[in-house]
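Topology and contacts: notes
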Amino acid sequence: MFNTASTTPEKILQMLAALLLFAAVMGLILFIAGRFGGKRGDRIVAYLYLLPVVLMLGIGLVYPGLRTIYQSFFDAAGKAFIGFDNYGTIFSDADQLTVLRNTVFWVVVTPFVATAIGLVYAILVDKSRFESFAKTLIFLPMSISFVAAGVIWKFVYEYRPDQGNVKQIGLINQLIVWLGGKPVQLLIESPLNTFLLIVVMIWVQAGFAMTILSAAIKAIPDDIIEAARLDGVNAWQMFRKITLPSVQPTVVVVLTTIGIATLKVFDIVRTMTGGNFGTSVVANEFYRQTFNADNQGLGAALATLLFVLVIPIVWYNIRSLRQSEAR
Amino acid sequence: MSTTTPVTTTPPLVAEKPSAAKVAKKRLSSPWASLAAIVLAVLWTLPTFGLLVSSFRPERAIKTTGWWTFFSNPTLTMDNYKGVFGGDGGVNLANFFINSLIICIPSVLIPLSLAALAAYAFAWINFPGKNILFLMVFALQIVPLQVTLIPLLEIYVNIKITGTFWTLWLSHATFALPLAIYLLHNFMREIPAGLIEAARVDGAGHVSIFFKVMLPLLTPALAAFGIFQFLWVWNDLLVALVFAGGGDEVAPITLQLANLSGTRGTAWQLLSAGAFVSIIVPVTVFLLLQRFFVRGLLAGSVKG
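Just so we're clear, the structure is a prediction, and the values are computed from it rather than from any experiment. Counting starts from 1 at the beginning of each chain's written sequence and moves along it residue by residue. Chains and ligands are labelled sequentially in the order written, the chains with letters from A and the ligands with numbers from 1. Note on the predicted model: pLDDT of at least 70 is required for a residue's local features to be given, and 80 or more for side-chain atom pairs to be given and counted; whole-chain, interface and lining totals, by contrast, use all residues. Think of the side-chain values as coming from all heavy atoms in the structure, minus any hydrogens and water.

In terms of helices and strands, chain A carries 13 helices and zero strands. Overall, chain A shows an N-to-C arrangement of helices and strands of α-α-α-α-α-α-α-α-α-α-α-α-α. Against the compact-globule benchmark of 20 Å for 327 residues, chain A has a radius of gyration of 26 Å, which places it well outside the compact range. Looking at the 327 residues of chain A, the share that counts as buried comes to 52%. For this analysis, residues touch if any pair of their heavy atoms sits within 4.5 Å. The long-range fraction of contacts in chain A, counting pairs at least 24 apart against all pairs at least 6 apart in sequence, stands at 64%. Accessible areas in this description were obtained via Shrake-Rupley with a 1.4 Å probe; residue shielding takes into account the shown protein chains only. Within the structure as shown, chain A displays about 15100 Å² of accessible surface, and the carbon and sulfur contribution to it stands at 65%. All tallies of charge rest on Lys and Arg as positive and Asp and Glu as negative; His and the ends of each chain are not included. Charge positions come from single atoms, namely NZ of Lys, CZ of Arg, CG of Asp or CD of Glu. For chain A, the separation between the mean place of its 25 positive charges and that of its 19 negative charges on side chains is 5 Å. Only DSSP runs of H or I with at least four residues qualify as helices, and only runs of E with at least two residues qualify as strands; both kinds are numbered from the N terminus onward. C-alpha atoms define the radius of gyration in this analysis, and the globule rule sets the expected value at 2.2 Å times the number of residues to the power 0.38. Here's how the labels work: a residue is buried when its accessible area is under 20% of the maximum for its type, exposed when over 50%, partly exposed in between, all with a 1.4 Å probe on protein chains only.

And the structure:
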């Protein structure tokens, strides 16, 4: 049951066995919980309900997290204590500095552009006849994997050498040729390639921004809009004085949420360039150092850095939420 | 991750029907707005459309001419799809497709049930240490998966379940819990306390309250999170790479597609068809259950 299943019937059997085992555990918990009543019993029921969750989170998240932070102070083999040397490497090694620079590009550009596009689009299609269809088009990329998104865009960026009657098959290079330019190796030219990868993330995240912001726009009370309209404001004033202030707290949430997702982006880089040609980011470098370069210590330090970078964004998010609630 | 998003899930339903004059005025004043919206929509759709068209073109045509030439010189073929499903090209997507399903089902059901129980305890039972425990679970949402992978892998090696579906089921289930508990807790808190008290007065215990009162009311929330988690697991690459990277037996479809893109990056006849086979399930789920998915998004966040 705990072996590797290799044929399809075996796989399905193993899945059913796992689900049965899980159902049995759940049944046991509920059975025991059912035997307790009264105030003292309440506590036991609560602890029983929480037991599996606490165990899983403890073993699967808390312990591994602490362990990784600890490992980040050890060398490549995870044996010798080397203090902050791994962090020193991240902030001094030329390759690692490129990784950091790229990560900054990603985290600064993606949230703002994706949110701006999402907001503009949400306003443009609001209350139009094709609203739900138009929104679905932009939102669809959100449902597919970063890997598939990477493949789709790699095809857009595809390059064919500029010789004889070789034709371009990538859309961007064909446009360049039509406009009289020479085709470019889009995914190899650095730092252009990093920005082209960022486009993919924007393509995915704009739908998220649009959906959340669209709901916020629809939540603006009608009487405010009506009053402004009676005052004769134009479209720009409406946006500047009514829409934007009303959705501002939501904009912050969307920005920070996309920022965090972007910080951890890995699949896009790995699928499209493998982190080569100066496109690596922290999340990708973590994987490369840990599994390809066998540098456990540096890998752990990069993972920890990722964790540390998330904290201020979350802190800002919670703080601005508090402020908007206090208002 | 984000906390309570300050937006309502349902737009106000009472928006009065705008008068014909108003509509006309709006139409006249916003041809540019419509144009901008159309341009954006086309830009967003074109990349996918190009690859979709390519997946039905013959290999030679894909590699020598742009997909836009298809419209002046249409030739259709299913060979690419046969190629990715057939075993002879070494792609064998059918196998990975099944793996993805096998990974997804328990990875959705297990955290959903566990989180529902835990959320109930947090929402409706008083016990010492409740607030601090809930805060800790809430805070765990921000832990990036990356910091957990290596120690988890060591644990799996020690208990000898590497290279099995168990590693993926356990990992995905664990990673989903903080967000799931937080979301379901919020939904449960909105259920009127009177309902639960009435049930208690009638002598119902926490088990029967959970099943008879909570669960029926919770269906939309469970559906929202279920879809969310399904898409997340189906689209995951990182967890699969780390725990199932070794063998084809348990690797999901995203992993095979990523490998294909790495090792045969110019085999566009396989990549295009492969990409569409891999997105057909999430896109279908998404289109059918969009409303629930949006609700999940609005109430919650993006994890990972």
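Moving on from the coordinates now.
The secondary structure content of chain B amounts to 14 helices and zero strands. Seen in sequence order, chain B has helices and strands lined up from the N terminus as α-α-α-α-α-α-α-α-α-α-α-α-α-α. Scored against the burial criterion, the 304 residues of chain B give a buried share of 56%. Put simply, of all contacts in chain B between residues at least 6 apart along the chain, 73% involve residues at least 24 apart. For chain B, the computed accessible surface area is about 12700 Å², with 68% contributed by carbon and sulfur atoms.

UniProt positions are given in the numbering used here, feature names are shortened, and annotations may be inferred rather than shown by experiment. UniProt marks residues 32-53, 96-125, 132-153, 165-188, 209-234 and 267-289 of chain B with the feature "transmembrane region" (unreviewed entry), using the numbering shown here. Within residues 132-153 of chain B, the helical portion is 59% and the strand portion 0%, while the C-alpha atoms at the span's ends are 29 Å from each other.

How sure the predictor is of each residue is captured by pLDDT, a score from 0 to 100. On average, residues of chain B score 85 in pLDDT, and 87% of them reach the 70 mark or higher. Under a pLDDT of 50 for its full length, residues 1-17 of chain B has, in the predicted model, 48 contacts with residues more than four places off or in other chains.

Take the packing of helix H1 (residues 8-34) of chain A against helix H8 (residues 165-189) of chain B next. Contact pair H1 of chain A / H8 of chain B: the axes reach a minimum separation of 11 Å and the direction vectors enclose 40°. On the basis of the axis angle, H1 of chain A is oblique to H8 of chain B. In this structure, H1 of chain A crosses over H8 of chain B, and the sense of that crossing is right-handed. Judged by residue contacts, Lys11, Gln14, Met15, Ala18 and Leu21 of chain A of H1 of chain A engage Phe165, Trp166 and Trp169 of chain B from H8 of chain B. For the contact of H1 of chain A with H8 of chain B, the residue count by class is six nonpolar, one polar and one charged. To define axes, lines are fitted to C-alpha atoms, for helices over the stretch in contact only, and angles between the resulting N-to-C directions are given on a 0 to 180 degree scale. Put simply, angles under 35 degrees are roughly parallel, angles over 145 are roughly antiparallel, angles from 65 to 115 are roughly perpendicular, and the rest are oblique. For a crossing to be left-handed, the near helix must be turned anticlockwise from the far one by less than a right angle; the clockwise case is right-handed. Throughout, the ten residues Ala, Val, Leu, Ile, Met, Phe, Trp, Tyr, Cys and Pro are labelled nonpolar, Asp, Glu, Lys and Arg are labelled charged, and all others, Gly among them, are labelled polar.

Before going further, it helps to spend a moment on the domain arrangement of chain B. Residues and elements named next belong to chain B. What marks off one domain from the next here is an automatic or database domain assignment. According to the domain assignment, chain B contains domain 1 (20-83) and domain 2 (93-299). Computed over C-alpha atoms only, the centres of domain 1 and domain 2 are separated by 34 Å. Taken residue by residue, the interface counts eleven residues in domain 1 and ten residues in domain 2. Defined here as a combined quantity, buried area equals the accessible surface (1.4 Å probe) lost by two parts on assembly, summed across both. Taking both partners together, domain 1 and domain 2 bury about 850 Å²; carbon and sulfur atoms supply 81% of that area. Think of a polar contact as two N or O atoms within 3.5 Å of one another; within protein, one of them needs to be a possible hydrogen donor and the other a possible acceptor, and neighboring residues in sequence only count if both atoms come from side chains. At the boundary of domain 1 and domain 2, one finds one residue pair in polar contact (both at pLDDT 80 or more). Where the side of domain 1 that touches domain 2 is concerned, the elements lending two or more residues are helix H2 (31-55), helix H3 (59-64) and helix H4 (79-85). Looking at which element gives the most residues to the side of domain 1 that touches domain 2, the answer is H2, with five residues. Taken together, the residues of the side of domain 1 that touches domain 2 sort by class into four nonpolar, five polar and two charged.

Further remarks concern the interface of chain A and chain B. Counting residues at the interface gives 116 residues for chain A, matched by 120 residues for chain B. Of all residues in chain A, the largest losses of buried area upon contact with chain B belong to Tyr49, Leu61 and Phe155 of chain A, amounting jointly to 7% of the total for that side. In what follows, salt bridge is the name for a side-chain nitrogen of Lys or Arg lying within 4 Å of a carboxyl oxygen of Asp or Glu. At the boundary of chain A and chain B, one finds two salt bridges. Summed over the shared surface of chain A and chain B, the number is 17 residue pairs in polar contact (both at pLDDT 80 or more). No other element matches helix H2 (residues 38-71) of chain A, which puts 21 residues into the side of chain A that touches chain B. Taken together, the residues that form the side of chain A that touches chain B break down as 74 nonpolar, 23 polar and 19 charged.

What follows deals with the domain arrangement of chain A. Accessible area lost when the parts come together is the quantity often used to give the size of an interface. Residue and element names in this part refer to chain A. By the assigned domains, chain A splits into domain 1 (8-85) and domain 2 (89-144 + 190-326). For domain 1 and domain 2, the distance between their C-alpha centres works out to 32 Å. Between domain 1 and domain 2, the contact holds eight residues from the first and ten residues from the second. Taken together, both faces of the contact between domain 1 and domain 2 bury some 630 Å²; the carbon and sulfur share is 59%. Where domain 1 packs against domain 2, one counts zero salt bridges.

Further remarks concern the packing of aromatic side chains. Each aromatic ring pair is summarised here by two numbers: the centre-to-centre distance and the angle between the ring planes. Each Phe, Tyr or Trp ring (for Trp, its six-membered ring) is paired with any other whose centre lies within 6.5 Å, and the angle between the two planes then decides the class: stacked below 30 degrees, edge-to-face above 60, tilted in between. With the rule as written, the count across this model stands at 34 aromatic pairs over all chains. Between Phe84 of chain A and Tyr87 of chain A, the ring centres sit 5.9 Å apart and the planes meet at 50°, which makes this aromatic pair tilted. Of the residues examined, Tyr87 of chain A reaches a relative accessible area of 14% and is grouped as buried. Summarising the aromatic geometry, the rings of Phe105 of chain A and Phe195 of chain A are spaced 4.9 Å apart at their centres and angled 40° between planes, so their arrangement reads as tilted. A residue pair is termed long-range when its members are at least 10 positions apart, and Phe105 of chain A in helix H4 (residues 94-125) and Phe195 of chain A in helix H8 (residues 192-218) qualify at 90 residues. For Phe105 of chain A, a relative accessible area of 25% gives the class partly exposed. Through pairs of rings, three or more aromatic residues link up here, namely Trp178 of chain A together with Phe49, Trp67, Trp68, Phe70 and Phe71 of chain B. The criterion is that NZ of a Lys, or CZ of an Arg, lies within 6 Å of the ring centre and within 35 degrees of the ring normal, and then a charge sits over that ring. For the cation-ring pair, Arg189 of chain B lies above Trp124 of chain B, with the distance from its terminal atom to the ring centre recorded as 4.9 Å. The ring centre of Phe292 of chain B lies 5.8 Å from the NZ or CZ of Arg291 of chain B, which sits over that ring.

Now for the nonpolar core. Here, nonpolar core refers to any group of buried Ala, Val, Leu, Ile, Met, Phe, Trp, Tyr and Cys residues whose side-chain atoms link them within 4.5 Å. Counting 205 residues, the largest nonpolar core has Tyr49, Trp106 and Tyr121 of chain A together with Tyr120, Met188 and Phe293 of chain B as its most contacted members. The contact partners of Met188 of chain B, leaving out residues within four places of it in the chain, are Ala116, Ala119, Tyr120, Ala123, Trp124, Phe210, Met214 and Leu218 of chain B.

Moving on, we get to the pattern of salt bridges. Residues and elements named next belong to chain A. In the structure shown here, the tally under the stated rule is nine salt bridges over all chains. For Asp162, the salt bridge goes to Lys182, with nearest N and O atoms at 3.4 Å. With Asp162 in the loop between helix H6 (146-156) and helix H7 (171-178) and Lys182 in the loop between H7 and H8, this pair connects stretches of sequence that are 20 residues apart. Accessibility expressed as a relative area gives 47% for Asp162, which makes it partly exposed. When salt bridges that share partners are traced, they join Asp126, Glu131, Lys135 and Lys218 into one network.

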